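# Inside the fold
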Amino acid sequence: MRILFIILSVLSGMIAQDYDPNYVLVKLDPDVKKSEFRSILDPTKYAIEKTVVRRLGIYKIRILSDQLTTQMAVEELRNNPWVEKAQLDHKVTTRQTFPDDNEFSSQWSKHNTGQSGGTPDADIDAPEAWDITTGGLTALGDTIVVAVVDGGMMLTHPDLAPNLWTNYNEIPGNGIDDDNNGYIDDIHGWDAYDSDGSIPSNGHGTHVAGIIGAKGNNGSQVAGVNWNVKLMAIAGSSGTSSTVLEAYGYALDQRALYDSTNGALGAFVVATNSSFGVNNADCSSADYSMWNDMYDAMGEYGILSAAATMNNNSNVDNTGDVPTGCTSDYMIAVTNTTHNDTKNSGAAFGATMIDLGAPGTSILSTYTGGGTSNLSGTSMASPQVAGAVGFMHAAMSAGFANYFKNNRAERCWAAR
Ligand SMILES: [Ca+2]
Ligand SMILES: [Ca+2]
Ligand SMILES: [Ca+2]
Ligand SMILES: [Ca+2]
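Residues numbered from 1 in each chain as written. Chains lettered and ligands numbered in written order. Predicted model: local features only at pLDDT ≥ 70, side-chain atom pairs only at ≥ 80, totals over all residues. Heavy atoms only, no water.

Partitioning the protein chain into domains gives domain 1 (17-90) and domain 2 (104-415). One C-alpha centre belongs to domain 1, the other to domain 2, and the line joining them spans 54 Å. (Domains from an automatic or database assignment.)

Glancing now at the coordination of the calcium ion (ligand 4). Donor atoms from the polypeptide that bind the calcium ion (ligand 4) are Asp101 (OD), Asp159 (OD), Asp159 (OD), Lys215 (O), Asn218 (OD1), Ser220 (O) and Val222 (O), placed at 2.2 to 2.6 Å. The sequence motif formed by the donor residues of the calcium ion (ligand 4) is D-x57-D-x55-K-x2-N-x1-S-x1-V. With a gap of 56 residues between them, Asp159 in the loop between strand S5 (144-150) and strand S6 (189-191) and Lys215 in the loop between helix H5 (203-213) and strand S7 (230-235) connect regions that are remote in the sequence. Looking at Asp159, the relative accessible area reads 0%, which means it is buried. Here Lys215 falls in the partly exposed class, since its relative accessible area comes to 22%. (Donors = N, O, S within 2.8 Å, 3.2 Å for Na, K, Ca; no water. Helix = DSSP H or I, 4+ residues; strand = E, 2+ residues; numbered from the N terminus. Buried < 20%, exposed > 50% of the residue type's maximum accessible area, 1.4 Å probe, protein only.)

This part takes up the coordination of the calcium ion (ligand 2). The calcium ion (ligand 2) binds to the protein through Glu170 (OE), Asp177 (OD), Asp179 (OD), Asn181 (OD1), Tyr183 (O) and Asp186 (OD), with metal-donor distances spanning 2.1 to 2.4 Å. Taken together, the 6 donor atoms coordinating the calcium ion (ligand 2) span angles of 76 to 159 degrees at the metal, a pattern that classifies the geometry as irregular. As a motif over one chain, the donors of the calcium ion (ligand 2) read E-x6-D-x1-D-x1-N-x1-Y-x2-D. A relative accessible area of 7% means that Asp179 is categorised as buried. (Tetrahedral: all angles 85-135°; square planar, octahedral: opposite > 155°, others 65-115°.)

Another aspect to go through is the packing of aromatic side chains. Using the criterion set out here, one finds 10 aromatic pairs in the structure. Judged by centre distance (6.3 Å) and plane angle (70 degrees), the rings of Phe98 and Phe104 are edge-to-face. Residue Phe98 is classed as partly exposed on the basis of its relative accessible area of 40%. Here the aromatic cluster, defined as three or more aromatic residues joined through ring pairs, consists of Phe98, Phe104, Trp130 and Trp227. (Phe/Tyr/Trp six-rings, centres within 6.5 Å; stacked < 30°, edge-to-face > 60°.)

A few words now on the sheet that holds strand S12 (residues 331-337). Taken together, the 7 strands give an open sheet; going across it, the order is S6-S7-S5-S8-S10-S12-S13, and neighbouring strands pair in parallel fashion. What marks the edges here is a single partner per strand, and that holds for S6 and strand S13 (356-359). This sheet shows a mean twist of 30 degrees between the axes of neighbouring strands, independent of strand direction. Two strands pair when backbone bridges link them, and strand S10 (residues 304-308) and S12 are joined in this way by 4 bridges, in the parallel orientation. Directly across from Ala307, in S12, lies its bridge partner Ala333. Packing against the sheet, H5 makes contact with S5, S7 and strand S8 (268-274), and its axis sits at approximately 155 degrees to S5. Strands in contact with helix H6 (residues 241-260) are S5, S6, S7 and S8; relative to S8, the strand with the most contacts, it is inclined by about 165 degrees. (Pairing = 2+ DSSP bridges. Axes fitted to C-alpha atoms, helices over the stretch in contact; angles between N-to-C directions. Contact = heavy atoms within 4.5 Å.)

In structure tokens:
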């Protein structure tokens with residue numbers, strides 16, 4: 001192994017780095033002026049192209065003579081007594097990591113090349129982020145879980161199944177609450193419609209889940225914001241408030257149990273996503289205050305919630321909305337942007353209530369049937385944010401994670 005390492009090291013040292021052959025960089029001696037240097041340069045060989053850093057006396061020199069290779073020019077200028085340093089003008093690459101998923105080239109929201117007619121780089125800069133980490137674990141070793149509160153999820157979807165959260169402390173199908181967490185047979189999450197562990201398949205939820213965490217770099221379909229993360233499937237995005245509250249309650253219970261058992265039981269839920277709500281409802285009214293209490297309670301346990309605003313062009317500050325009109329500091333209200341980084345004309349806004357916009361227009365993600373589909377809406381924008389919250393926990397240093405270990409609410413704030 002050591003020999004292999006040495007060979008690789010030598011090889012990597014031998015690989016020539018790319019540079020611009022027409023130029024060299026010089027740094028003049030501190031007491032040499034640009035005009036003085038110009039007067040002694042051989043005008044058949046060199047010209048000062050531009051001042052790069054005046055304070056440091058760094059100039060970009062064009063090589064004029066065909067007889068001079070770039071290397072020869074560097075050598076000659078290094079020997080010039082007025083020059084302190086000379087070097088090649090190396091090419092610099094942005095730090096990006098691309099997955100091999102075969103439909104990644106269509107995922108403009110992750111990396112916009114203008115492939116769908118939009119503005120290049122109007123995206124979430126996912127390859128730049130993946131150069132830092134591709135997710136999955138915190139620096140302290142906790143398995144990161146994002147709760148997808150939606151209509152359900154196709155648990156067998158091939159691009160989601162590898163990232164599906166599993167409750168290994170629960171024995172499926174025996175009618176017993178084996179891990180004593182208050183939920184019988186909860187294997188991959190909870191179905192708050194029927195109050196059981198059987199998650200219905202659902203196109204919307206399958207799509208949302210893929211935006212957060214479709215398995216990345218597996219050669220197949222799409223990549224989520226997180227290549228690796230655990231997706232907790234919670235059904236309960238419609239019906240009545242009680243259904244929604246039960247759904248959120250499951251995520252909260254699992255995180256609280258994780259913390260109280262030092263990770264032996266429960267799940268390290270760091271984010272929830274909600275792509276649903278009640279249009280024009282007043283979250284601060286007595287009728288809806290329990291929703292807000294739920295976000296606050298989850299926030300106290302270190303869970304940030306991303307929420308999609310309304311799919312109509314209205315001002316939430318005036319109309320109200322549940323949940324994006326809720327005032328909890330632990331809920332991030334998200335509207336829908338296009339591949340030109342403009343707000344979708346059919347998405348709500350609000351200078352006070354809406355926190356940010358994220359790509360949600362014509363988003364390719366996993367869908368029922370096992371393949372992929374394009375969908376549009378604030379529903380597709382919010383999971384980009386929930387996914388990013390999960391990602392931040394993977395990118396966080398051990399020191400940062402440790403510092404906030406006993407102050408989860410503050411960590412939530414810092415992350416937000
Ligand atoms: Ca970009
Ligand atoms: Ca259980
Ligand atoms: Ca059981
Ligand atoms: Ca994939």
